[in-house]
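# An overview of the molecular structure
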Amino acid sequence: MKDALTEGIKSSSSQLSATDGYFGNAALKILLPDEADVMIDNIGKIPGGQKLVDDVILRLNRSAEEAAKEVVPIFTNVITGMSVSDGIAIVTGGENAATEYLREKTYSQLMDLYRPKVASALGKPLVAGISANSAWTTLTTNYNKVGAPLNKAATFIGKEEPMPEVEVDLATFATEKALDGLFSKIAQEEAEIRDNPLEYASSMIKKVFGAVKQGLVP
């Protein structure tokens, strides 16, 4: 089971850390937070707004791809510390048993250890000397500046603010989305291992999952 989990994580990390691992995958691509929807709806009011949006989205995904390179070691302690009963429960459990085990055991630790990597990546000048943080700050600052007088006027006459202020911790948001993508990939790898145990990865995986598939292990 430890062997199977390690193989799945290595494969997931490899796929996600490749160029366009996130950005080129429609199911995993990180977009702006929901709080930014109203800002995007009013993007025409901000000089160069659409380009800033595109810049931020690209850098969000590039930062996630960069951070995905460091995922495997984070799981090591949990995997090596698994008990025999844990392994049996996972092998004989539901189709996402391994993925859910890893999520339960590592998620808070991954947030603590992974977020600084994402934050660091977001601060790096990746394209044209602009980082995701600087592009996001420019975008939200300009948006909030344009919206402030409109919101003030609306509040004065008792109306809903047309352009409510946007304040989102980009690193936390990107980390959560990156981890969602990571566990999604791990779940896919787990499904492939269970469906094709005799054709996947190491001899240990073939032996364990092959036995389950043939009914030798209840």
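Before reading on, note that the structure itself is shown above.
Summarised in this report is the structure supplied together with it. As the structure is a computational prediction, the values presented were derived from the model and not from experiment.

Reading the values: the criteria
Residues numbered from 1 in each chain as written. Predicted model: local features only at pLDDT ≥ 70, side-chain atom pairs only at ≥ 80, totals over all residues. Heavy atoms only, no water. Helix = DSSP H or I, 4+ residues; strand = E, 2+ residues; numbered from the N terminus. Buried < 20%, exposed > 50% of the residue type's maximum accessible area, 1.4 Å probe, protein only. Arc of directions from axis to C-beta. Contact = heavy atoms within 4.5 Å. Phe/Tyr/Trp six-rings, centres within 6.5 Å; stacked < 30°, edge-to-face > 60°. Core = buried A, V, L, I, M, F, W, Y, C linked by side-chain atoms within 4.5 Å.

## Focus: the environment of Asp 86
Note on placement: Asp 86 falls in helix α5 (residues 84-91). Taking relative accessible area as the criterion, Asp 86 reaches 24% and is therefore assigned partly exposed. In the structure, Asp 86 is positioned 15 residues away from Tyr 101 in sequence and 8.8 Å away in space, judged by C-alpha atoms.

## Here's the deal with helix α4 (residues 71-80)
Those residues of α4 lying buried are Val 71, Ile 74, Phe 75, Val 78 and Ile 79. The arc enclosing the buried residues of α4, seen along the axis, measures out at 130 degrees, which places them on a common side. Every exposed residue of α4 that faces more than 90 degrees away from the buried side is listed here: Pro 73, Asn 77 and Thr 80. Check the buried side of α4 and you find it contacts α1 (2-17), α3 (49-67), α6 (97-123) and α8 (170-195).

## Concerning unusual backbone geometry
At Asp 20, a residue that is not glycine, the phi angle is positive and equals roughly 70 degrees. Positionally, Asp 20 belongs in the loop between α1 and α2 (37-41).

## What to know about the environment of Asn 151
Considering the arrangement of structural elements, one finds Asn 151 in helix α7 (residues 132-156). Given a relative accessible area of 8%, Asn 151 falls into the buried group. For the pair Asn 151 and Glu 161, spaced ten residues apart in sequence, the C-alpha to C-alpha distance is 4.6 Å. Aside from chain neighbours lying at most four places away, what touches Asn 151 is Glu 161, Pro 162, Met 163, Pro 164 and Glu 165.

## Re the packing of aromatic side chains
Applying the stated criterion across every chain yields a total of two aromatic pairs. Look at Phe 75 and Phe 183: their rings are 6.3 Å apart centre to centre, the planes differ by 80 degrees, and that puts the pair in the edge-to-face class. Taken as a pair, Phe 75 in helix α4 and Phe 183 in helix α8 lie far apart in primary sequence, 108 residues in all. Here Phe 75 falls in the buried class, since its relative accessible area comes to 0%. For Phe 183, a relative accessible area of 1% corresponds to the buried category.

## Quick look at the nonpolar core
Grouped together as the largest cluster of nonpolar side chains are 55 residues, with contacts concentrated most on Tyr 22, Leu 60, Phe 75, Leu 102, Tyr 114 and Trp 136. Within the residue set of this core, elements represented by two or more residues are α1, α3, α4, α5, α6, α7 and α8. The element contributing the most residues to this core is α8, with ten residues. When neighbours within four sequence positions are excluded, Phe 75 is seen to be in contact with Ile 9, Leu 102, Thr 106, Leu 110, Leu 182, Phe 183 and Ile 186.

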